[in-house]
Each structure stands twice: as C-alpha cells, then as structure tokens.
Amino acid sequence: MSVKVRLDQIPKEKYSLPGNAACPGCPHMIGLKIVGKAFRGEATLVIPAGCSSIVPGYHPYTSLDMRVIHVPFASAPAVATGISRALKIRGEDIGPVIVWAGDGATFDIGFATLSGSAVRNEDIIYIVSDNEAYMNTGVQASGSTMYGARTTTTPILGKKDRRKEIDLIMLMHKIPYVATASIAYPLDFYEKLLKASKIKGFRFIHLFSPCPPGWRFDDSKTVEIARLAVETGAWILFEYAEGKLTISPPSRIYADKSKRKPLREYLELQGRFKGISEEDLKIIEEMIDENWRVLETLSKIYS
Ligand SMILES: Cc1ncc(C[n+]2csc(CCOP(=O)(O)OP(=O)(O)O)c2C)c(N)n1
Ligand code: SF4
C-alpha cells in the first residue's frame, strides 16, 4: 500500500498556529504543523513533559488546533492506550491517538511504557520528535544524543557513549509500522503519517528535529541542517511496513557512499561539535557506515 501525495493535495489550513512560545526555528513546531495538516486537525495528541508541553502556550490559550492532553513524563504511551481503548469501546472514530514525545521521554524516561504498549500492539501512533537531548531542562545528553556532541552533561570531551538505536529496538518488538522521517522532508513525513494512519496497531515514527539553541546553530538553518543530515548519510530515511523494509526515496541515493556530502559540512554548522577531534570524526563516520550496512542487510531480510 503506497501513499503518494502531491503538494497541491496538502491542506492550506493550519492546525499549529503562529504566536506560540517556541524559540525561532523550533523543529517541533515544523513537525506539529505537518501532523496537523496530515490529519486535518482530527488527531488526539498525548504530550509528555518536554519543550512540546511549553511551546503551545499557557492555558487557557493554545497554538495547537488539535485535541491535546499534557501528561507526566513516562505515562504518555499508557495514557494514549487508555484513550484509544476507551474510544473503541464507545465506538467513536475521531482520528488517530498520537503520542508526540521528545527523545528523553522516548529513549530513556518513558521507555518502559513505550516498550509495554508496543509489545501489546496498542492501536496508537507514537512520534518521537528527536532533538537529541533534553532541551527543555537545559540540553542534557539523552540516550539519543550523537557520539561526540557537547551538551551540558558532556561539556568538555563531548558524549562518549553510542546512541541507542531506538528504531531497531522498536522493529524487534514486531510492531506493524516503523519509520524514520525528517522535518526537512515534509512530503515524505506527511506520506508516512497517512500510511501509518491506514494501519492498525502500534506505529512508531522517528522524526529528525534539529534544535537551534541546543545544537548551537543559527535559527534560520533548522531545515538546512536537517537536509544535510540526510545528504551526508548521517540520518537515513526508511520505512518498515507490511513486512518489508525499504530505504525511502530521499535517502536511496546516499546508499552509495561516494554520493554523500562530507560529514564535516553537517557537523561544522553546529556549535555542539566545535573542535571535534579527527579521531571522533572517524568514529562517527564508522558508525554511519555501520548503520547503512545494518539497514541494507535488513532490507534484504525484510524484502
Ligand atoms: C519524571 C520527570 N523527570 C524529570 C522531569 C523534568 N523534565 C521536564 S522536561 C524534561 C526534558 C525533556 O526532554 P525531551 O523528552 O528530550 O524533550 P525536549 O524538551 O527535548 O523536546 C525534563 C528532564 C519531569 N518533568 N518529570
Ligand atoms: S529549545 Fe529547541 S526544541 Fe525546545 S522550543 Fe527551543 S527550538 Fe524548540
């Protein structure tokens, strides 16, 4: 089942409104804008603690024209499960129930409830808007932070642990849908949201979301940096659905390493990698190559 969308089929209406409390260039607002359009505002968002709890604005005002419930950190998948089950019992079809969570909430603090609801194949869509750190509390490293990145908890040498491969972990939960997306490829993300909405059960989408203050880049460059991540091969767009794993069209060309832009172009725009050593650069390059090898192998296994 492929979902192809033309730009002129995307609704003009906005469900994520101007006047929100986000920093300029905030990737979460770009992502939420696309989510709103994909479901024409007919989605129920469950949002655990993080920047996305703050950026819609203070009660009774909100910049999100969608149903939203703000919940404690680790409870989001459990709350979404409850809502989804209750709606079914009442026979109400009011659009998907979506967890919209940060990487801290997903990779670390909320991982137990995420894993539990995935294993039970609850009928929810889980989107992690991944800015690779705990931004809302001051840029502490999370399980998602890239190797070598400087954060307030890895201030001198940069992070020395590998990031957790959450997509592969979710894939091995044997859920029906796993995809990566990027705020720089809105059509790809939009199509994946539509496709996920046509599938029943637990669906997991990992959205790449570079954060200007947290990664230390100019707020005009959010989309440029997200695009460079794909063009250097550092972020791989792929999709697992109906038992098949495929590299998504924007990333396909970069399976050929010679087509990728130099990794340095991506890293040098970000203050968090300023002064990174040649040794660490090489380690990151090797990690990227390994990610490609794993995904290409999996695409052969799940073909
Ligand atoms: C149980 C618990 N621990 C810690 C906090 C404090 N806290 C609030 S937001 C946040 C960071 C969230 O990071 P992430 O999930 O990555 O989302 P982001 O802010 O980066 O969008 C933390 C640690 C909390 N609210 N509850
Ligand atoms: S810190 Fe980053 S993720 Fe949080 S509101 Fe600002 S730009 Fe958005």
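Preceding this paragraph is the structure being described.
Conventions used here
- Residues numbered from 1 in each chain as written.
- Chains lettered and ligands numbered in written order.
- Predicted model: local features only at pLDDT ≥ 70, side-chain atom pairs only at ≥ 80, totals over all residues.
- Heavy atoms only, no water.
- Near = heavy atom within 4 Å.
- Nonpolar A, V, L, I, M, F, W, Y, C, P; charged D, E, K, R; others polar.
- Polar contact = N/O pair within 3.5 Å; in protein donor to acceptor, adjacent residues only side chain to side chain.
- Areas by Shrake-Rupley, 256 points an atom, 1.4 Å probe, with all protein chains shown as cover.
- Helix = DSSP H or I, 4+ residues; strand = E, 2+ residues; numbered from the N terminus.
- Phe/Tyr/Trp six-rings, centres within 6.5 Å; stacked < 30°, edge-to-face > 60°.
- Buried < 20%, exposed > 50% of the residue type's maximum accessible area, 1.4 Å probe, protein only.
- Salt bridge = Lys/Arg side-chain N within 4 Å of Asp/Glu carboxyl O.
- Contact = heavy atoms within 4.5 Å.
- Axes fitted to C-alpha atoms, helices over the stretch in contact; angles between N-to-C directions.
- Parallel < 35°, antiparallel > 145°, perpendicular 65-115°, else oblique.
- Left-handed = near helix turned anticlockwise from the far one by under 90°.
- Pairing = 2+ DSSP bridges.

Trainee: Help me understand the site of ligand 2, please; the structure alone is not making it clear to me.
Mentor: The local shell around ligand 2 consists of Cys23, Cys26, His28, Cys51, Val55, Asn131, Met135, Cys211, Pro212 and Pro213. Considered class by class, the residues forming the shell around ligand 2 number eight nonpolar, two polar and no charged.

Trainee: It is not clear to me how the site of ligand 1 should be interpreted in this structure. Could you clarify?
Mentor: By nearness alone, 15 residues border ligand 1, and His28, Cys51, Gly104, Ala105 and Ala133 come closest of all. In the model, an oxygen atom of ligand 1 is placed 2.8 Å from a nitrogen or oxygen of the histidine 28 side chain. One of the backbone nitrogen or oxygen atoms of alanine 133 is found 3.0 Å away from an oxygen atom of ligand 1. Surface burial for ligand 1 is 71%, taken as the share of its 590 Å² of free accessible area covered by protein chains. Per element, the largest residue contribution to the shell around ligand 1 is three residues, and it comes from helix H4 (residues 103-109). Classifying every residue of the shell around ligand 1 by side-chain character gives seven nonpolar, seven polar and one charged.

Trainee: What am I meant to see in the packing of aromatic side chains here?
Mentor: The way to describe two aromatic rings as a pair is by their centre distance and the angle between their planes. Throughout the structure, instances matching the rule amount to six aromatic pairs. Centre to centre, the rings of phenylalanine 208 and tryptophan 215 are 5.7 Å apart; their planes meet at 70°, and the pair counts as edge-to-face. Just as phenylalanine 208 is buried, tryptophan 215 falls in that class too. Considering the side-chain rings of tyrosine 240 and tyrosine 302, the 5.4 Å spacing of their centres and the 75° angle between planes classify their relative orientation as edge-to-face. Here the residue tyrosine 240 occupies a position in strand E7 (residues 238-241), and tyrosine 302 occupies one in the segment after helix H12 (278-301), the gap between them amounting to 62 residues.

Trainee: When you look at the pattern of salt bridges in this model, what are you seeing that I'm missing?
Mentor: Pairing of side chains with opposite charge becomes possible as their charged atoms draw close. Taken as a whole and assessed by the stated rule, the structure comprises 22 salt bridges. In this structure, lysine 195 and glutamate 239 form a salt bridge, with 3.2 Å as the shortest nitrogen-oxygen distance. Here lysine 195 is found in helix H7 (residues 186-197), whereas its partner glutamate 239 is found in strand E7, with 44 residues between them in sequence. The two residues lysine 195 and glutamate 239 agree in class, both being buried.

Trainee: What should I look at first to understand the environment of threonine 81 in this one?
Mentor: By secondary structure assignment, the location of threonine 81 is in helix H3 (residues 76-89). Judged by its relative accessible area of 6%, threonine 81 is buried. C-alpha of threonine 81 to C-alpha of arginine 40: the two residues are 41 residues apart in sequence and 22 Å apart in space. At 2.7 Å, the side chain of threonine 81 and the backbone oxygen of proline 77 are in polar contact.

Trainee: In this structure, what is going on with helix H9 (residues 222-231)? I would like to understand it.
Mentor: Side chains of residues three or four places apart in an α-helix project in the same direction, reflecting 3.6 residues per turn. With seven of its ten residues buried, H9 lies for the most part within the structure. Within the span of H9, buried status applies to Thr222, Ile225, Ala226, Leu228, Ala229, Val230 and Glu231. Check the buried side of H9 and you find it contacts helix H1 (27-38), strand E5 (177-182), strand E6 (203-208), helix H8 (212-215), helix H10 (249-252) and helix H11 (263-267). Directly after H9, the chain includes glycine 233, whose backbone phi takes a positive value near 85°.

Trainee: Would you mind showing me how to read the packing of H1 against H7 here?
Mentor: Angle between the axes and distance between the axes are the two parameters that describe a pair of packed helices. Between H1 and H7, the least distance of the axes is 10 Å, while the angle of their chain directions is 45°. Judged on the interaxial angle alone, H7 and H1 are oblique. Handedness of the crossing formed by H1 with H7: right-handed. Across the interface between the two elements, Gly31, Ile34, Val35, Lys37 and Ala38 of H1 pack against Pro186, Phe189, Tyr190, Leu193 and Leu194 of H7. Here the residues of the contact of H1 with H7 sort into eight nonpolar, one polar and one charged.

Trainee: Is there a simple way to explain the packing of H3 against helix H5 (residues 111-119) in this structure?
Mentor: With their axes 7 Å apart at the nearest point, H3 and H5 run at an angle of 35° to one another. Here Pro77, Ala78 and Thr81 of H3 lie close against H5, whose contacting residues are Thr113, Leu114 and Ser117. Split into classes, the residues belonging to the contact of H3 with H5 amount to three nonpolar, three polar and no charged.

Trainee: For this particular structure, what's the right way to read the pairing of strand E1 (residues 44-48)?
Mentor: Across a regular strand the side chains alternate sides, sitting on one face of the sheet and then on the other. Burial runs high along E1: five of the five residues are buried. Across the two faces of E1 the burial is the same, with Thr44, Val46 and Pro48 and Leu45 and Ile47 all buried. Pairing analysis gives five bridges linking E1 to strand E2 (residues 67-71), with the strands arranged parallel. Looking across to E2, one finds that valine 46 is bridged to isoleucine 69. Across three bridges, E1 lies against strand E3 (residues 97-102) in parallel orientation. If you follow threonine 44 over to E3, its bridge partner there is valine 97.

Trainee: What should I look at first to understand the side chain of serine 117 in this one?
Mentor: Among the secondary structure elements, serine 117 is positioned in helix H5. Here the side chain of serine 117 touches leucine 114 through a polar contact of 3.1 Å, landing on its backbone oxygen.

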